[in-house]
Amino acid sequence: LNSFVTRTNTCGELRSAHVGREVTLCGWVQYQRQGLFLVLRDFQGLTQLIIPQDEAHSHVRKLLSSAPVESVVRVTGIVSSRPPGQENLKMPTGDIEVKVETAEILSSCKKLPFEIKDFIKKSEALRMQYRYLDLRSSWLQHNLRLSLLRVILVLVPAVSIFSVCSSGFVDVETPTLFKRTPGGAKEFLVPSREVGKFYSLPQSPQQFKQLLMVGGLDRYFQVARCYRDEGSRPDRQPEFTQIDIEMSFVDQAGIQRLVEGLLQYSWPEERGPISTPFPSMTYEQALADYGTDKPDTRFGMKVVDISSILRRSSMQFVQNALGHQRGTARAICVPQGMKYLRNKDLESLKKAAKSQFNQEVMDVICRPDGSLKSLLTKFLDEEQQSELIRALNVQVDDVVLLAAGDHKRVCSALGSLRLGSADLLEAAGVVLRDPTALHFLWVVDFPLFLPKEENPTELESAHHPFTAPHPLDTHLLYSDPTKVRSQHYDLVLNGNEIGGGSIRIHSAEQQRFVLEKVLKEDSEVLSHLLEALEFGAPPHGGIALGLDRLISLIVGSPSIRDVIAFPKSFKGRDLMGNAPDYVTPEELEPYHIHVSWPVAETEAKKN
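Note that this is a predicted model, so its numbers are computed, not measured.

Draft legend 1. Spatial organisation of the overall build of the chain. Summing up its helical and strand segments, the chain has 19 helices and 22 strands in all. When its C-alpha atoms are laid out on the principal axes, the chain stretches across 95 × 75 × 60 Å. The 607 residues of the chain split such that 48% are buried. For the chain, the computed accessible surface area is about 30600 Å², with 53% contributed by carbon and sulfur atoms.

Here's what the structure looks like:
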């Protein structure tokens, strides 16, 4: 840590064993007290400095006493033990202090926009505007330095993927400028000097890694930079990093074993060991039991099918729902909901189901005497009410949220209410989701295609158009593609998708059919890939792990912005550098682009 630099030690490493030594420290002024003490901080920790009070060192006293907080200084002094009773057990360096002999202000700090302290609350916009200051906080320093996975996979050669020297993986850097890929997320466009032609920034190296398999490399990996022109969410950024892996002659089980071994090898010790193999669940089971394809299995409150109970009721809306082919009636039980949730909380949950899923939800409350209170109870006889209580294991003060309608819509709405109810219960002090628990889960057997939201009569890929159909469903691809399962698998951790992959289509004929006949896409855009598949392509598959999201879960951050040095805002803007920004018409001319919006030219002149 001290090689090649002017310091002898860092601010976090001095101990009692160093007493009597002359040391040189460099760092930032954390705080200064009454011209007597100064705490110096660097990336590794804090050291208390004793400012000399004698006349011979008056210039040192004056310099350090007047140094603004967060100024950069270099000091030389003698390590000494703190006086008995003045040790600071909260600091690793709390047994010692450094008596300063010489000092130099390397860079003075002007008035700060906010204090560099973790307990000081700052708006996220302000933090991102002054990100270089926010990076000095111990929280962000910890997050960025904890990226053990990043260190292992970037600094260690490719053969060190979980230390299997014979694995034969090749680290290949794929292009950033490419062409538009049909389907999937929106891509950023990059203008070229050819009239009307644009590059695209790849949303993943998907095509390249498949072409590497056609090229016979057999095993590829890359810590890849990816781009998606989508709105930011707490777990998503327009530019992000993923661990990208592809293998030839592999099946789904082989990819899963590889990833489990990789995570087990590189997982930080402080988070506890990982048990493998990870459990697996089908997409249909996840949707039916948890209402989502990324279930958080750390707590119960499963979605329960009560169709058989309500089928015998006289509720007309339930009968109408169950009369449809995919109709269902389901419910979740919120434990102690009456005790911890207010009426406005229940109304808010029901409104969310209506606004997000167009799904009506009704509540049923269990009174202290064990009876049920709801508008529905008048339509249920005593036996049906008892069956409902048994099916959901309803206890006194529990609240049941019930819905009837289309299977996917009902399950998705109740799955969302399950998570919303858990948030409300935990806000009231109920512990449901252990933050230290690690519940990994493989979700498999996704549908290969889904109806488009804007036009349900057309289909789109559930994963991407290169995903192979399930071997048992291949015949349905040509007769009823809506019923085809895929060889797509997602890795979920505590309700967060941290990776996804699939076995790929390696037949040019099948790939062309999927593009042209099922997805109605112009296959000419992918002519290079289709032609490559005609030259003897091996069966192959892979996966991509979202590195930023994975690390945010390791450090317990709700947002991946807290593990990225220079993230974008929710709107995809860089608030520090004010990007994206306007450019002049002269700069656009070589790219044959003219901005017709009149404000643009005005703003460009201002800048």
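That covers the picture; the talk isn't over yet.
Draft legend 2. The arrangement of the sheet that holds strand 22 (residues 540-546) in detail. In spatial order, the strands read 6-9-10-22-21-20-17-11; together these eight strands make up an open sheet with mixed pairing. Looking at strand neighbours, the two that pair on one side only are strand 6 (170-171) and strand 11 (280-282), the edges of this open sheet. Relative to strand 9 (residues 219-227), strand 6 is paired through two bridges, and the arrangement is parallel. Each residue of the ladder has a partner; that of valine 170, found in strand 9, is tyrosine 220. Across the sheet, helix 8 (residues 283-290) touches strand 11 and strand 17 (440-444), and the angle it forms with strand 11 is around 85°.

Draft legend 3. Looking closely at unusual backbone geometry. Cis peptide bonds are those with omega within 30 degrees of zero, and the linkage from threonine 276 to proline 277 qualifies with 0°. Mapped onto the fold, proline 277 is located in the loop between helix 7 (252-266) and strand 11. Cis geometry is found at the peptide bond from alanine 579 to proline 580, where omega equals 0°. Mapping proline 580 onto the fold places it in the loop between helix 17 (547-555) and helix 18 (585-588). A positive phi angle, close to 75°, is found at glutamate 70, a residue other than glycine. Locating glutamate 70 in the fold gives a position in the loop between helix 1 (58-66) and strand 4 (72-81).

Draft legend 4. A look at the nonpolar core. Ile245, Leu263, Phe440 and Leu491 are the most contacted members of the largest nonpolar core, which has 32 residues in total. Listed by contribution, the elements that provide at least two residues to this core are strand 10 (239-248), helix 7, strand 17, strand 20 (488-493), strand 21 (496-503), strand 22 and helix 17. With residues up to four places along the chain from it excluded, the contact list for leucine 263 reads Ile274, Phe278, Phe440, Leu491, Leu545 and Leu550.

Draft legend 5. Quick peek at the packing of aromatic side chains. In the structure shown here, the tally under the stated rule is eight aromatic pairs. Plain terms: the ring middles of phenylalanine 114 and tyrosine 130 are 6.5 Å apart, the flat faces sit at 75° to each other, and that makes the pair edge-to-face. One end of the pair, phenylalanine 114, is in the loop between strand 5 (96-107) and helix 2 (124-129); the other, tyrosine 130, is in the loop between helix 2 and helix 3 (131-134), with 16 residues separating them in the sequence. Ring centres of tryptophan 442 and tyrosine 489 lie 6.4 Å apart, and the angle between their planes is 80°; on these two criteria the pair is classed as edge-to-face. Placement of tryptophan 442 in strand 17 and of tyrosine 489 in strand 20 is noted, with a sequence separation of 47 residues between them. The exposure class of tyrosine 489 is buried, given its relative accessible area of 0%.

Draft legend 6. Broad picture of the packing of helix 12 (residues 343-357) against helix 14 (residues 407-427). Contact geometry of helix 12 with helix 14 gives a least axis separation of 10 Å together with a crossing angle of 145°. Here the hand of the crossing between helix 12 and helix 14 comes out right-handed. Here helix 12 contributes Asp345, Leu349, Ala353, Gln356 and Phe357 to the contact with helix 14, which in turn contributes Arg409, Ser412, Ala413, Ser416, Leu417, Gly420, Ser421 and Leu424.

Draft legend 7. Local environment of the side chain of aspartate 363. As for its position among the elements, aspartate 363 is in strand 14 (residues 362-366). Relative accessible area serves as the criterion here: at 18%, aspartate 363 is assigned to the buried category. At 2.6 Å, the side chain of aspartate 363 forms a polar contact with the side chain of lysine 350. Beyond its immediate stretch of four places on either side in the chain, aspartate 363 contacts Lys350, Lys373, Ser374, Val399, Val400 and Leu401.

Draft legend 8. Focus on the confidence of the model for the chain. Summing up the model confidence of the chain, the mean pLDDT is 90 and the portion of residues at 70 or higher is 93%. Per-residue pLDDT stays below 50 along residues 151-166; that stretch engages in 26 contacts with residues further than four places along the chain or on separate chains.

Draft legend 9. Examining the sheet that holds strand 4 more closely. If you walk around this closed barrel you meet the five strands as 1-2-3-5-4, and the pairing is mixed. Strand-to-strand, the axes of this sheet are offset by a mean angle of 55°, without reference to chain direction. The pairing of strand 4 with strand 5 spans ten bridges and is antiparallel. Within strand 5, the residue paired with serine 80 across the bridge is glutamate 97. Taken strand by strand, helix 1 contacts strand 1 (22-33), strand 2 (37-42), strand 4 and strand 5, and its axis lies near 75° from that of strand 5.

Draft legend 10. Local environment of the pattern of salt bridges. On inspection of all chains with the given rule, the structure shows 29 salt bridges. Arginine 485 serves as the salt-bridge partner of aspartate 473, at 2.8 Å between the closest nitrogen and oxygen. Of this pair, aspartate 473 sits in the loop between strand 19 (459-461) and strand 20 while arginine 485 sits in the loop between strand 19 and strand 20, and the two are twelve residues apart along the sequence. In this structure aspartate 473 comes out as buried when scored by relative accessible area, which is 7%. Using a relative accessible area of 28% as the deciding quantity, one classes arginine 485 as partly exposed.

Draft legend 11. Quick look at a nonpolar patch on the surface. Residues Tyr132, Phe566 and Met576 make up a contiguous nonpolar surface patch of roughly 290 Å² in combined accessible area. Its location among the elements puts phenylalanine 566 in the loop between helix 17 and helix 18.

Each value, and the rule that gives it
Residues numbered from 1 in each chain as written. Predicted model: local features only at pLDDT ≥ 70, side-chain atom pairs only at ≥ 80, totals over all residues. Heavy atoms only, no water. Helix = DSSP H or I, 4+ residues; strand = E, 2+ residues; numbered from the N terminus. Buried < 20%, exposed > 50% of the residue type's maximum accessible area, 1.4 Å probe, protein only. Areas by Shrake-Rupley, 256 points an atom, 1.4 Å probe, with all protein chains shown as cover. Pairing = 2+ DSSP bridges. Contact = heavy atoms within 4.5 Å. Axes fitted to C-alpha atoms, helices over the stretch in contact; angles between N-to-C directions. Core = buried A, V, L, I, M, F, W, Y, C linked by side-chain atoms within 4.5 Å. Phe/Tyr/Trp six-rings, centres within 6.5 Å; stacked < 30°, edge-to-face > 60°. Left-handed = near helix turned anticlockwise from the far one by under 90°. Polar contact = N/O pair within 3.5 Å; in protein donor to acceptor, adjacent residues only side chain to side chain. pLDDT = per-residue confidence, 0-100. Salt bridge = Lys/Arg side-chain N within 4 Å of Asp/Glu carboxyl O. Patch = residues over 30% accessible without salt bridge, like charges linked within 9 Å, V, L, I, M, F, W, Y side chains within 5 Å.

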